[in-house]
Each structure stands twice: as C-alpha cells, then as structure tokens.
Amino acid sequence: MFEDRSARKQFLNAPPSVPAAIASVLEPVLAATSLAVFHGLFGQPFGGPAMAMAILLLVLMFPGVNRFGKTGIGVGIDIFLSWSGVLMVLVLVGYATGGLAAFDPQMLLAWALITPLVHWACVVGGTAWMRHRAALPQHRRPAVVVGAHRMGQRVAQMLATRKGYGHDLLGFFDDRSAERLHLPGAVPLVGSLAELPDFIERHGVKDVFITLPLTSQPRILQLMETLQNSTASLHFVPDVFGVSIIQGRLDDMGGVPVVGLHVTPFTGINGLLKRASDVVLATLILILVAPVMLAVAVGVKLSSPGPVIFRQRRTGLDGEVIEVYKFRSMTTQDNGAVVQQATRNDPRVTRFGAFIRRTSLDELPQFFNVLKGQMSIVGPRPHAVAHNEQYRKIVKAYMARHKVKPGITGWAQVNGLRGETDTVEKMARRVEYDLEYLRNWSLGLDLLIIARTAKLMFFDRKAY
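Considering the overall build of the protein chain
For step 1, the next point in the chain: Counting its regular elements, the protein chain contains 13 helices and eleven strands.
For step 2, the next point in the chain: Considering only contacts in the protein chain between residues 6 or more positions apart, those separated by 24 or more positions represent 71%.
For step 3, the next point in the chain: Only carbon and sulfur atoms are counted for the fraction: they give 63% of the accessible area of the protein chain, which is about 24,700 Å².

The structure is reproduced here in structure tokens:
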C-alpha cells in the first residue's frame, strides 16, 4: 500500500471539528425543515413547488457557517444578513418562474421571520453547551508556547481567547531571560527549553506550540527529537504573517508538504459553485432587467451621438486583457494608454449618462461578460489597463486582486469605495477590501454584497 515511501502522504487535511460539521448541515437543514413544518402548521400540502424550494435551500446554504463559540449581537446580525441574501435569491427565482403563486403569503412571511430566530437560538444553545463541556476537568487542555517573540505572543493571545473552550495557557518557554523579553503581564516565563520535557510530565501538558523562527532550525530539530517521547501534541507555528496571505492552505503534493500563501479561493468545488451561481443569477437578472436595458439603450442613443455600448479594455483573471461592456455615458471613449477617471461634474458625462452612472445602470451589459466567463457578479472591480500599470508599482499587493475574475460589484464598492479613486490612499484602501474578500469568500458573502449593491443603486451618491 505504501511501497513508494517518498510519496507517502505526510500531511493530512485536518478533519472538521464536531461544531463545524454540525454547523455545515444545521443551517441548510434547519431552513428546509422549518419550511416543511410551517406548511404543516398552515395546513398547506408539501408538494412539488415546496420540495423544489427545499432542495434549492439545501444547495444555496450548504455548507452552513460555523457560528458556534461566537457571542454578542454580531451573531444575530450575521445570521440576519445571510438569511436576507438567501431570501433575495428565492424571491428572484420565484418571480422569474412564477413559483411564488404556489405558496401562502402568510405562511412564507411567518417562515421567513421565525427561521433565523430558531437558528440564532440553536447557535446560542450550542455555544452554551460547548462552554459547559469545556469547563469539565477532563476536557481541559493545558498548553505552553515555545518562543516568546511576536509569533509566540500572538499564539498566546489566541489561546487566551479560547480559554472558555478548553485551553489553559501555562506560560512561555524561552532561553532568553525575562528582562530581555516583553511579555504580556498575565502570561509568565516558565523556564528554558531544557526544562520543557520535565514540565510537560509534571503538569500534564497536552499541547505544545513551537513558534521559534525558522532561523533557529537546529534548536527546533533538537527540541522535536526531545519531545517526541512525550505524550503532548506538538504544533509548529511558522511566522508567515509578514506577508499578505490569501487563502493560505497546506497541501500534500506527492508526499511533499506545500504551504500556499497566495492561492485563489475558486479551486475545486468552490470554483464550480462560484461559476454555477454566476450563470444562474446572471441569467435570471438579465431576464428581469431586459425591459430596463432596452429603455436605457434608447436613452443613450437619444442623449448623444455614438454607439450604445462602450467596450473598454480592462485587466481580468491572471492579468489577461478583456473587453468589458457598459452603456456609454460619456461623449468620449477613452481606451488607450492614458485613461482619465470620471470626476464629479465631469464635462464628458452626458445628462442621461450621469443618471445611469449614479444608479449603476450603465453596468448592466456586464452580465453578458459574466455569461461569457470573463467576469463574475461579485469580485474586485476591473480597472482600466492603463490604471493597472500605474498602480501596480505603488500599491502593495495590487496585482493579487487579479487572482480571480473581476466583478460587477465587490466588497470595496459596498464599503464606501465606489466611484473615483483620485488618490493613492483610496486605491490602496480599495485593494485592502478586495484582498479581504479573497481571504473570506463564501457564497453567503456574495449574496450579502449583491443585496447591499441593490441598496446602493438608489441611495449612493459617490458614483458619477
């Protein structure tokens, strides 16, 4: 079975924790089950349309977000926003297919209001049970941190936040004296590395976090050899936080451990899910807004001479140049080596163009870019090729945003960074939000951004 020992798998994917596994199915199953329960309470048959909605809920919401262990009003807000995004998709699908007519409106309203409350109650109850179980003596996990520098103190802070879930941080081990270290007051220096094996034995330490820098490789190897005879679990924590990490992960490639630092989130099943949601939503939206697009096209044609659709060269996935479609809103069509961004009261913008830019109606043709596979509905906004060449030299990690397809809307745009980026600071902030989106992507986040974008179309005044 393991004839080729050099290719034997050395690193295994960590199995999901019990709370994470429960959470992955709790959210979708709870929504689908409560739909069936409310059908029964209102005396409605759970027929074809209801079963189709239940299946759609399972597809949209799996895997559920693990909120166990989190407390405060933020949990309720997160559940509400995620549920609102799901409801928006259901309404769009129901409106496009005419399926809403098959449901009792009062039943749907009660189901929509009660389901997130039940979910919140499950999260609160599950968190309380986790804390109760962790407080039992047999479930405590005494831990120590080897290395009291920056990374070690970061691990110590992490363990302190997890005290309610089983970890007891006993202190640091470091060969330097306490006078040379800047330790947090609540965590003592217990001893030197030579004293660690005896300390583990005497205090029943279950977790050892080794945070020594990679320059200390001989000491790390010696320590690992010494501790292999102990019963404690050993964890090596490399200090990689000096660089901007995007979807960091550990892969096993033919027996070789490979740490990914800048990796696209849309690989494997995530890529399939992202593409499927883009195609389905783009198709539904184009069907719904077809009359609006026709009206806008007529307005553009009557407002000024020139083509209705403006094609601009933008930078897409992996730096490839694509042509992005927009309804023309200006009297000029800058598309060369120098592209001037639109400014407030820009004389190039027509009167009708100002309206469609403010409401984002000029972006509607980009749903055809989505269907062609050049863009996504949600992602970093594509910049003109000329702007990319300008900013890639002065904004840190600027080109990392091109590890995914550009989007019609994005996390930066719904956080106040829509419209002109007339300073380097504004562009840097936009890039920060784009990278934050890549690190934290989920289908629920996409739905949240779409919902917030719909609101900005009518109330935001930063686009011109």
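Some thoughts on the pattern of salt bridges
For step 1, the next point in the chain: This structure, assessed with the given rule, holds twelve salt bridges.
For step 2, the next point in the chain: For Arg-219, the salt bridge is made with Asp-175, and the minimal N-O distance between the two is 3.2 Å. One end of the pair, Arg-219, is in helix H7 (residues 217-227); the other, Asp-175, is in the loop between strand S2 (167-173) and strand S3 (189-191), with 44 residues separating them in the sequence.
For step 3, the next point in the chain: One salt bridge connects Glu-363 with Arg-381, and the closest N-O pair in it is separated by 3.2 Å. Taken together, the residues span a long stretch of sequence, with Glu-363 in the loop between helix H9 (351-358) and helix H10 (366-371) and Arg-381 in the loop between strand S10 (376-378) and helix H11 (385-391) at a distance of 18 residues.

Observations regarding the environment of Arg-150
For step 1, the next point in the chain: By the element assignment, Arg-150 lies in helix H5 (residues 150-161).
For step 2, the next point in the chain: Considered as a pair, Arg-150 and Thr-211 are 61 residues apart in the sequence and their alpha carbons are 9.0 Å apart.

Some words on a nonpolar patch on the surface
For step 1, the next point in the chain: Together, Leu-109, Leu-113, Ile-114, Leu-117 and Val-118 line one region of the surface with nonpolar side chains, adding up to about 450 Å² of accessible area.
For step 2, the next point in the chain: Along the chain, Leu-109 falls in helix H4 (residues 105-134).

Things to note about the sheet that holds S3
For step 1, the next point in the chain: Pairing is parallel in the open sheet, where five strands are placed in the order S3-S2-S1-S4-S5. Edge positions in the open sheet fall to S3 and strand S5 (233-236), since each of these has one partner strand only. For this sheet, the mean angle separating the axes of adjacent strands, direction not counted, is 35°.
For step 2, the next point in the chain: Direction of pairing for S2 relative to S3: parallel, over a ladder of two bridges. Among the inter-strand pairings, Phe-172 is bridged to a residue of S3, identified as Leu-189.
For step 3, the next point in the chain: Along the sheet, H5 contacts strand S1 (141-146), S2 and strand S4 (207-210); its crossing angle with S2, the most-contacted strand, is approximately 160°.

Definitions and limits used
- Residues numbered from 1 in each chain as written.
- Predicted model: local features only at pLDDT ≥ 70, side-chain atom pairs only at ≥ 80, totals over all residues.
- Heavy atoms only, no water.
- Helix = DSSP H or I, 4+ residues; strand = E, 2+ residues; numbered from the N terminus.
- Contact = heavy atoms within 4.5 Å.
- Areas by Shrake-Rupley, 256 points an atom, 1.4 Å probe, with all protein chains shown as cover.
- Salt bridge = Lys/Arg side-chain N within 4 Å of Asp/Glu carboxyl O.
- Patch = residues over 30% accessible without salt bridge, like charges linked within 9 Å, V, L, I, M, F, W, Y side chains within 5 Å.
- Pairing = 2+ DSSP bridges.
- Axes fitted to C-alpha atoms, helices over the stretch in contact; angles between N-to-C directions.

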